[in-house]
Amino acid sequence: MAELRQRLAGRLRLDDERPSAIVYDLAQVQARAFELKHALPEFQHCPALKAAPYEALLRHFGGWGFGFEAASFTEGLVAARAWPGAPLLYDSPAKTRTEIARAQALGWVLSANSLDELARTQAPCSLRVNTRTGRGQVAHTSVAVAGSRFGEDFEELPGDLDCAGWHAHIGSQGCTLDQLVLSARRLADLALRHPRTQWLNLGGGLPAQAAYADYAAALRAEVPELFSGRWRVYTEMGRSLLATTARAYTRVEYVRRGVATVHLGADFLLRRVYRPDDWPCPLQPLDGTFALRPGPPCTQTIAGPLCFAGDVLGTVQAPPIAEGDIVEIGLAGAYTASLWSRHCSRRMPPVFGLAADGALQTLSAGESEADLLRLWRQADLPTQAAG
Ligand SMILES: Cc1ncc(COP(=O)(O)O)c(C=O)c1O
């Protein structure tokens, strides 16, 4: 399979009106989805919308038999519109009473984040528990630590709890296989102690390049009860399912003193720019035709378009970059556009899916100037005054 960039040459044009674009390799999305399904066919997989909530992508997953995980009521609405009737897990540490009632009326599988929230529910639901597997490599996405505000400590649960399900998600990217499997083991032990358990939700948390077969083998060895058919088992993968399936392309506007300024920065790569040590980000300069430039490499900095000193994507060793070149950003398929920031009010770029036959489908048109003007507009201003 040719590199994505080679297949984009002549198909994707970046210009002043559209200086950046995100491109999903749809064959790779399917390959990754099926890798998960084949590794763990007994489970109901529910991709986490927070990673990449494009309705067009969700429709692919719905067609492949996936459900969805929503971390807000709005994400739930997006998922329900994309594939009506798909299993929908609803997690969030801040659900209102109204959202809980609406979600339960819609038949979503709700996970209460605390005993207080559990008391607000009517229909059977699950409780999120903190399985205390410890901090992963990325501290600010690690939630299975002492005192975490996510879930109730699994060792401090009241004995008479009557939950339909148990849910744990321990962190993202930096969790080891041992930690992920220990969490599942502790969930299964809870279920064994509570005979009315109907389902378990193992969460997500695997790193971008994780091999699902390794996860499956470890679960089969350490938590065989999950495969007994006794309970429904859900997963909520985000980063591991999608991060590697897309790249972003952004045009170089200026090159000065070894710094190439492009059109995507902390607004798009929020995690990367603010916590560069936690979030690696492959960067590859290309010429304006998506080809690698020949020539001896030198160190150059890739800077974003936002007005603060720290808006830096990283450094590269590459032949000298020129105005009009393109920078390819890897690992762009998860937690990029979905974390979009409004700093400097730049427009979200369009998102495309490159199909196996070479067709470029629009997954999201991105934002127009009118969208931004509408966002910041005083709500009660007469329309004509908006200019
Ligand atoms: C409850 C829950 N489930 C699933 C996920 C997805 O995690 P990941 O993208 O690491 O697989 C997250 C991420 O924050 C989460 O909070």
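A quick note: this is a predicted structure, and the numbers were derived from the prediction, not measured.

A few words now on the overall build of the protein. Scanning the protein from N- to C-terminus turns up 11 helices and 19 strands. Whereas a compact globule of 387 residues would reach a radius of gyration of roughly 21 Å, the protein reaches 22 Å, a difference of no more than 12%. Principal-axis analysis of the C-alpha atoms places the extent of the protein at approximately 65 × 55 × 40 Å. Considering the protein as a whole, with its 387 residues, one finds that 44% of them fall into the buried category. The long-range fraction of contacts in the protein, counting pairs at least 24 apart against all pairs at least 6 apart in sequence, stands at 67%.

Another aspect to go through is the domain arrangement of the protein. Taken domain by domain, the protein holds domain 1 (14-24 + 244-372) and domain 2 (26-242). At the junction of the two partners, domain 1 supplies 17 residues and domain 2 supplies 19 residues. Only strand 18 (351-354) and strand 19 (360-364) provide two or more residues apiece to the side of domain 1 that touches domain 2. The greatest single-element share of the side of domain 1 that touches domain 2, amounting to three residues, is contributed by strand 18. Class assignment for the residues of the side of domain 1 that touches domain 2 results in nine nonpolar, six polar and two charged.

The strand order 12-13-15-16 describes an open sheet built from four strands, whose pairing is mixed. The open sheet is flanked by strand 12 (254-256) and strand 16 (312-318), the only strands paired with a single partner. Between one strand axis and the next, the sheet turns by 25° as a mean value, whatever way the strands run. Across three bridges, the pairing between strand 12 and strand 13 (residues 259-261) is antiparallel. What sits directly across from Arg256, in strand 13, is Val259.

In space, the six strands of this open sheet follow the order 14-17-11-1-18-19, with mixed pairing throughout. Two strands in the sheet have a free side with no partner beyond their single neighbour: strand 14 (283-286) and strand 19. When strand polarity is set aside, the average angle formed by the axes of neighbouring strands in this sheet is 30°. One ladder, built from four bridges, connects strand 18 with strand 19; its direction is antiparallel. Following the sheet pairing, Leu354 is matched in strand 19 by Leu360. Sitting on the sheet, helix 2 (residues 26-39) touches strand 1 (20-25) and strand 18, and the angle it makes with strand 1 is about 45°.

With that out of the way, let us pick up the pairing of strand 18. Across the two faces of strand 18 the burial is the same, with Val351 and Gly353 and Phe352 and Leu354 all buried. As paired elements, strand 1 and strand 18 share four bridges and run parallel to each other. The residue of strand 18 that forms the bridge with Val23 is Phe352. Once strand 18 ends, the chain turns through five residues before running back antiparallel as strand 19, passing Gly358 with a positive phi of about 95°.

For Pro195, the location among the structural elements is in the loop between helix 7 (177-193) and strand 9 (199-201). Sequence separation between Pro195 and Ala243 is 48 residues, and the spatial gap between their C-alpha atoms is 38 Å.

This part is about unusual backbone geometry. The backbone of Arg132 shows a phi angle near 50°, a positive value even though the residue is not glycine. Of note in this structure, Gln173 is not a glycine but carries a positive phi near 70°. Secondary-structure assignment places Gln173 in the loop between strand 8 (165-167) and helix 7. Given 25 C-beta atoms within 10 Å, Gln173 falls into the buried group.

Turning to its location among the elements, Pro47 is positioned in the loop between strand 2 (44-45) and helix 3 (55-63). Taking the number of C-beta atoms within 10 Å as the measure of exposure, Pro47 has 27 and is therefore buried. Residues Pro47 and Phe308, 261 residues apart in the sequence, show an inter-C-alpha distance of 34 Å. Aside from chain neighbours lying at most four places away, what touches Pro47 is Phe61, Phe66, Phe68, Glu69, Met237, Gly238 and Leu241.

Moving on, we come to the nonpolar core. By size, the foremost hydrophobic cluster in this structure holds 101 residues, and its most contacted members are Val23 and Leu187. When residues of this core are sorted by domain, at least three fall in each of domain 1 (14-24 + 244-372) and domain 2 (26-242).

For the rest of this paragraph, the subject is helix 4 (residues 73-82). Within helix 4 the residues assigned to the buried category are Glu75, Gly76, Ala79 and Ala82. Down the axis of helix 4, the sector holding all buried residues measures 130°, keeping them to one side. Exposed side chains of helix 4 directed beyond 90 degrees from the buried face belong to Thr74 and Arg81. Where helix 4 is buried, its residues contact helix 3, strand 3 (68-70), strand 4 (88-91) and helix 5 (97-105).

Next up on the list: the environment of Gly330. Position of Gly330 among the secondary structure elements: in the loop between strand 17 (326-329) and strand 18. In this structure Gly330 comes out as partly exposed when scored by C-beta crowding, with 17 C-beta atoms within 10 Å. On a C-alpha basis, the gap between Gly330 and Ala248 in space is 6.8 Å, while along the polypeptide they are 82 residues apart. For Gly330, the contacting residues outside a window of four places in its chain are Arg247, Cys281 and Pro282.

Moving on, we come to the packing of helix 3 against helix 4. Packed helix pairs are specified by the crossing angle of their axes together with the interaxial distance, meaning the distance between the axes. Two elements in contact, helix 3 and helix 4, have axes separated by 8 Å at closest approach and are oriented at 60°. Judged on the interaxial angle alone, helix 4 and helix 3 are oblique. Relative to helix 4, helix 3 is oriented so that their crossing is right-handed. Across the interface between the two elements, Glu55, Leu58, Arg59 and Gly62 of helix 3 pack against Val78, Ala79, Arg81 and Ala82 of helix 4. Considered class by class, the residues forming the contact of helix 3 with helix 4 number four nonpolar, one polar and three charged.

So, how was this worked out
Residues numbered from 1 in each chain as written. Predicted model: local features only at pLDDT ≥ 70, side-chain atom pairs only at ≥ 80, totals over all residues. Helix = DSSP H or I, 4+ residues; strand = E, 2+ residues; numbered from the N terminus. Rg over C-alpha atoms; globule rule 2.2 N^0.38 Å. Buried ≥ 20, exposed ≤ 12 C-beta atoms within 10 Å, placed from the backbone. Contact = placed C-beta atoms within 7 Å. Domains from an automatic or database assignment. Nonpolar A, V, L, I, M, F, W, Y, C, P; charged D, E, K, R; others polar. Pairing = 2+ DSSP bridges. Axes fitted to C-alpha atoms, helices over the stretch in contact; angles between N-to-C directions. Core = buried A, V, L, I, M, F, W, Y, C linked by C-beta atoms within 7 Å. Arc of directions from axis to C-beta. Parallel < 35°, antiparallel > 145°, perpendicular 65-115°, else oblique. Left-handed = near helix turned anticlockwise from the far one by under 90°.

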